Amino acid sequence: MTGLDTLRSAWHGINANLLRSGLTVLGLMIGVSAVIILLAVGTGSSAAVASRINALGTNTITVLSTGRFGRGPSTGGTQVRTANLTTQSVQAIEQHSQAPDVASVSPVVTTSETATYGSASYSTSVTGTTPDYLAAQDYTVSAGSTITQADVTSRKRVALIGQTVASNLFSTGQNALGQTIRLGSASFEIIGVLAAKGSSGGSTNQDSVVIAPYTAVQDELTGYAPFTELLVQAKSTASLNSAATEVENILAAETDTTVANLPFSVINEGTLLTTAQSTSSTFTTLLGAVAAISLLVGGIGVMNIMLVNVTERTREIGIRKAVGAPKSAILAQFLAEAVLLSLIGGGGGVLFGLIGTRFKIEGVTPVLAGYSIPLAFGIAICVGVFFGLYPANRAASLRPIDALRYE
Amino acid sequence: MSHAAVPAGAARPVILLRRVVKSYRMGDVEVVALRGVSLTVEPGDFVAIMGASGSGKSTMMNILGCLDVPSKGQFYLDGVDVRTLDEAALSHVRNRKIGFVFQSFNLIPRATARWNVELPMLYMNVSAGERRRRAEAALELVGLADRGRHLPNELSGGQQQRVALARAIVTNPPLVLADEPTGNLDTATSREVMEMFSELNRLGRTVILITHEYDIAAYAKRVVRLRDGLIIDDRREVAVDAPPPQPSAVTAEEHMFSQGVSA
């Protein structure tokens with residue numbers, strides 16, 4: 001019996017009961033497309049998380065003025081140092097001899113203010129910082145000019161506004177540049193509008209921001225309170241960890257304490273990225289596992305149908321054996337039937353999967369994982385072989401006398 | 001005994017059974033279906049094996065058809081010692097040496113007549129074109145050349161049995177083995193099918209027919225009767241090389257009557 005004849009016999013078998021074969025194929029199709037779509041959703045969401053973290057800047061280290069949990073400033077010794085992030089801290093880190101991996105340090109003071117322009121008002125966060133902050137945070141100015149070191153030194157009341165702030169204070173078409181807005185009681189001149197960045201991590205809107213020289217913000221809004229945080233940019237993603245260590249050492253020396261007792265939180269964005277990526281890969285694996293279960297269920301469906309087929313066609317098997325079909329030919333025929341079912345199911349599933357991944361699911365844009373198609377298709381075929389083997393073997397092992405007598 | 005030495009120069013017997021015993025275990029009970037049967041069938045013969053149910057004729061049919069192997073004794077089919085064969089070799093023997101015709105036709109329901117006839121050739125190395133050609137020739141021989149594309153359920157019982165007959169002879173086997181081929185047919189159709197067997201025998205094929213009907217056995221050249229697993233009668237009606245008898249309906253009934261009384 002040639003391969004073509006086997007295939008033809010298998011096709012005959014599938015055609016014999018189209019509804020039943022169709023339902024079996026559907027089961028596999030759902031399994032295969034579920035694997036493809038869910039893996040795409042997983043990949044898509046992890047890509048989204050990665051891009052959000054990238055938007056934060058992957059080569060930045062944030063030093064928060066608040067200590068890590070349970071760790072206050074050291075109270076030992078004669079001197080009690082207040083643990084504040086000050087200009088001294090900034091200058092210490094800026095000493096390149098001590099921190100060769102640090103590209104820039106930006107002090108950050110933040111406050112919440114109501115911005116008003118004319119009758120429009122909008123509550124926004126105000127960030128006082130230096131020009132380096134913009135680069136470290138990937139902010140770009142879409143209109144107007146950026147703030148400069150000179151603005152910082154001369155304590156100029158100038159500000160950059162985010163897209164959300166712009167759209168809330170100004171009507172469409174109105175030019176915000178050169179306008180003066182009020183932040184609390186202070187007046188700031190808008191010299192630039194920031195390009196849209198989108199939200200980070202879903203919670204904070206990075207476009208709802210006013211950025212101004214920290215000197216001006218301290219003068220007008222926060223007073224000479226210590227910095228809320230320092231944003232340290234490492235020279236590269238690779239040097240992120242060494243930069244973080246350097247910053248920790250410098251700050252420990254500054255505050256007369258050890259790195260372990262540092263009253264600040266040094267947050268390495270790289271670690272954040274790794275954590276987020278491992279979280280989303282766990283998520284992807286979980287989705288894949290759920291989908292694999294549905295594929296397994298589909299496989300059991302194949303086995304079930306093949307067992308029914310074998311029982312229903314016992315007489316045919318008897319006839320074939322009587323006219324000289326060897327065991328191997330019967331085995332091949334029924335195995336081919338199971339594999340053909342899973343091929344059709346797998347093919348249809350891939351097609352459905354490809355269509356399914358074109359739609360946004362729960363706010364996640366699925367990203368088709370290249371490996372998922374051969375994976376799902378391959379598993380479907382293996383499932384067909386595995387679950388087809390038992391029924392096929394059962395058919396092949398029937399004794400012709402019994403099979404012929406079967407009613 | 002009937003297996004007496006084959007005359008020198010005679011053709012190799014198609015069937016050679018020597019003291020064949022077949023027993024089954026049914027639970028704890030040993031059932032002996034054949035108790036030492038010896039039979040020689042020469043090429044060109046037309047043999048009817050008769051017996052009531054329980055006589056062992058079904059077991060005989062299974063053994064002759066290589067669907068089962070004897071427990072004891074020897075069985076040569078066209079010179080091949082069947083007892084030494086494994087399952088794969090047995091299917092090969094069934095494929096090449098035997099053409100089966102069953103009581104219930106046993107055609108594959110969703111396949112056309114021609115495809116059914118092609119079936120045995122699927123398990124030989126025969127190309128698709130050759131299969132088709134030979135299947136069409138066989139169908140023509142049984143008078144169904146125009147029915148090749150029909151499904152079995154579109155054919156009458158007699159036509160279905162003729163398709164089965166075409167399937168049995170398409171591989172050109174040394175033996176055509178028919179198990180109650182007219183059991184499901186009415187009298188007129190039975191006669192039609194039996195005439196087909198006679199015709200095949202006239203063309204030189206060896207036919208073994210298993211039946212319990214005397215008017216069917218009347219078509220055979222030789223009638224072997226089984227009872228309780230033993231051959232109780234082996235009567236030759238017509239010489240092996242003579243044409244098969246052509247019983248008329250009347251003589252068949254008379255034959256049945258006379259046999260029925262004597263049995």
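Residues numbered from 1 in each chain as written. Chains lettered and ligands numbered in written order. Predicted model: local features only at pLDDT ≥ 70, side-chain atom pairs only at ≥ 80, totals over all residues.

**Focus on the overall build of chain A**
As a reminder, the rule being used: For the purposes of this entry, the term helix denotes a DSSP run of H or I that reaches at least four residues, the term strand denotes a run of E that reaches at least two, and both are numbered from the N terminus. Whether two residues are in contact depends on their C-beta atoms, placed from the backbone: they are in contact if these lie within 7 Å.
From N to C terminus, chain A includes 13 helices and 12 strands. Sequence-distant contacts in chain A: of pairs separated by 6 or more residues, those separated by 24 or more amount to 84%.

**Structural notes on the overall build of chain B**
The following threshold applies: Three exposure classes are used, based on other C-beta atoms lying within 10 Å of a residue's own C-beta, which is placed from the backbone: buried for 20 or more, exposed for 12 or fewer, and partly exposed in between.
Helix and strand content of chain B: 8 helices and 10 strands. Across the 263 residues in chain B, those meeting the buried criterion constitute 48%. Of all intrachain contacts in chain B linking residues separated by at least 6 positions in sequence, the fraction that spans at least 24 positions is 69%.

**With respect to the interface of chain B and chain A**
Note the following rule: Each residue gets one of three labels, nonpolar for Ala, Val, Leu, Ile, Met, Phe, Trp, Tyr, Cys and Pro, charged for Asp, Glu, Lys and Arg, and polar for the others, Gly among them.
Facing 18 residues of chain B, the contacting portion of chain A comprises 18 residues. Only α2 (87-97) and α3 (113-122) of chain B provide two or more residues apiece to the side of chain B that touches chain A. Ranked by residue count, the leading element in the side of chain B that touches chain A is α2 of chain B, at 6 residues. Across the side of chain B that touches chain A, the residue classes break down as 9 nonpolar, 5 polar and 4 charged.

**Some words on the pairing of strand β6 (residues 180-183) of chain A**
All names here are of chain A. The test is simple: By definition, two strands form a pair when at least two bridges between them are found by DSSP.
The side-chain alternation of β6 yields one buried face, formed by I181 and L183, and one unburied face, formed by T180 and R182. Sheet analysis places strand β2 (residues 102-117) next to β6, joined by 2 bridges and oriented antiparallel. Within β6, the position partnered with T116 by the bridge is R182. Here β6 runs beside strand β7 (residues 186-194); their pairing, made up of 4 bridges, is antiparallel.

**Focus: the sheet that holds strand β4 (residues 72-77) of chain B**
Residue and element names in this part refer to chain B. On the basis of which strands lie adjacent, the open sheet formed by 4 strands has the order β2-β1-β4-β5 and antiparallel pairing. The strands lining the two open edges of the sheet, one partner per strand, are β2 (29-41) and β5 (80-81). Pairing between β4 and β5: 2 bridges, direction antiparallel. Residue pairing in the sheet places L77 in a bridge with V80 of β5.

**What about the environment of A99 of chain A?**
Residue and element names in this part refer to chain A. By secondary structure assignment, the location of A99 is in the loop between α3 (87-94) and β2. A99 gets classed as buried once you count the C-beta atoms within 10 Å, which come to 22. The spacing of A99 and A244 is 145 residues in sequence and 9.3 Å in space, taken between C-alpha atoms. Not counting chain neighbours up to four residues away, the residues in contact with A99 comprise I93, A243, E246, V247 and I250.

**Some points on the packing of helix α1 (residues 3-16) of chain A against helix α11 (residues 327-356) of chain A**
All names here are of chain A. Applied cut-off: To obtain an axis, a line is fitted to C-alpha atoms, over the contacting stretch when the element is a helix, and the angle between two such axes runs from 0 to 180 degrees between their N-to-C directions. It is the rotation of the near helix from the far one that decides the hand of a crossing: anticlockwise by less than a right angle makes it left-handed, clockwise makes it right-handed.
Where α1 contacts α11, the axes come no closer than 8 Å and their chain directions differ by 65 degrees. Considering the relative orientation of α1 and α11, their crossing is right-handed. Across from T6, L7, S9, A10, W11, G13 and I14 in α1, the residues of α11 making contact are A332, Q333, A336, E337, L340 and L341.

**Quick look at the nonpolar core**
The condition that has to hold: The nonpolar core criterion groups buried Ala, Val, Leu, Ile, Met, Phe, Trp, Tyr and Cys residues into a set whenever they are joined through C-beta atoms within 7 Å.
Grouped together as the largest cluster of nonpolar side chains are 125 residues, with contacts concentrated most on V32 of chain A together with A166 of chain B. With 13 residues, helix α2 (residues 18-56) of chain A is the single largest residue contributor to this core. Setting aside residues no more than four positions away along its own chain, V32 of chain A makes contact with L295, G345, G346, G349, V350, G353, A376, F377 and A380 of chain A. Counting 52 residues, the second-largest nonpolar core is a separate cluster that includes Y133, V193, V217 and L221 of chain A.

**Quick word on helix α1 (residues 57-64) of chain B**
An α-helical turn contains 3.6 residues, so a residue and the one three or four places further along point in the same direction. Residue and element names in this part refer to chain B. The element α1 is largely enclosed, with a buried count of 6 among its 8 residues. Residues K57, T59, M60, M61, I63 and L64 constitute the buried set of α1. Looking one or two residues beyond α1, the residue adopting positive phi is C66, at roughly 60 degrees.

**Examining the packing of helix α9 (residues 269-312) of chain A against helix α12 (residues 372-396) of chain A**
Residues and elements named next belong to chain A. For clarity, the threshold we go by: Orientation categories follow fixed angle ranges, with anything under 35 degrees roughly parallel, anything over 145 roughly antiparallel, 65 to 115 roughly perpendicular, and all other angles oblique.
Where α9 contacts α12, the axes come no closer than 9 Å and their chain directions differ by 25 degrees. As far as their axial angle goes, α12 and α9 are roughly parallel. Both α9 and α12 take part in a crossing whose hand is right-handed. On the side of α9, the interface is formed by L295, G298, G299, I300, V302, M303, M306, L307 and V310, while α12 contributes I379, A380, V383, G384, F386, F387, G388, Y390, P391, R394 and A395. Broken down by class, the residue content of the contact of α9 with α12 amounts to 15 nonpolar, 4 polar and 1 charged.

**A word on unusual backbone geometry**
Residue and element names in this part refer to chain B. In the Ramachandran plot, R19 falls in the positive-phi region, its phi being about 45 degrees despite a non-glycine side chain. Along the chain, the position of R19 falls in strand β1 (residues 15-26). For R19, a count of 15 C-beta atoms within 10 Å puts it in the partly exposed group. Residues other than glycine seldom take positive phi values, yet D78 does so here, at roughly 50 degrees. Within the secondary structure, D78 sits in the loop between β4 and β5. What makes D78 partly exposed here is the crowd of 19 C-beta atoms within 10 Å.

**Description of the environment of D179 of chain B**
Residue and element names in this part refer to chain B. By the element assignment, D179 lies in strand β7 (residues 175-179). C-alpha separation for the pair D179 and F102, spaced 77 residues apart in sequence, amounts to 5.0 Å. The residues contacting D179, other than those within four sequence positions of it, are M61, F102, Q103 and I210.

**Quick word on the sheet that holds strand β10 (residues 230-236) of chain B**
Whether parallel or antiparallel, the strands of a sheet pair through hydrogen bonds between backbone atoms. Residue and element names in this part refer to chain B. As summarised here, the arrangement of the 6 strands in space is β6-β7-β8-β3-β9-β10, forming an open sheet in which the pairing is mixed. Sheet topology places β6 (98-101) and β10 at the edges, where each strand pairs with a single neighbour. Looking at each pair of strands side by side, their axes are set apart by 20 degrees on average, direction ignored. Two strands pair when backbone bridges link them, and β7 and strand β8 (residues 206-211) are joined in this way by 5 bridges, in the parallel orientation. Bridged to L175 within β8 is T206. Along the sheet, helix α5 (residues 157-169) makes contact with β6 and β7, crossing β6 at roughly 170 degrees.

**Some thoughts on the confidence of the model for chain B**
Reading fine detail from the predicted coordinates is not recommended where pLDDT is low. The criterion, for reference: For every residue, the predictor assigns a confidence score, pLDDT, that lies between 0 and 100.
The predicted model of chain B has a mean per-residue pLDDT of 86, with 90% of residues at 70 or higher. For this predicted complex, the interface score ipTM comes out at 0.86, alongside a pTM of 0.69.

**Details of the confidence of the model for chain A**
Residue and element names in this part refer to chain A. Summary statistics for chain A give a mean pLDDT of 83 and a share of 93% for residues scoring 70 or more. Averaged over each element, pLDDT in chain A is lowest for strand β8 (residues 199-200) (56) and highest for strand β5 (residues 158-161) (92). In the predicted structure, residues 68-81 sits below a pLDDT of 50 and forms 17 contacts with residues beyond four places in sequence or in another chain.

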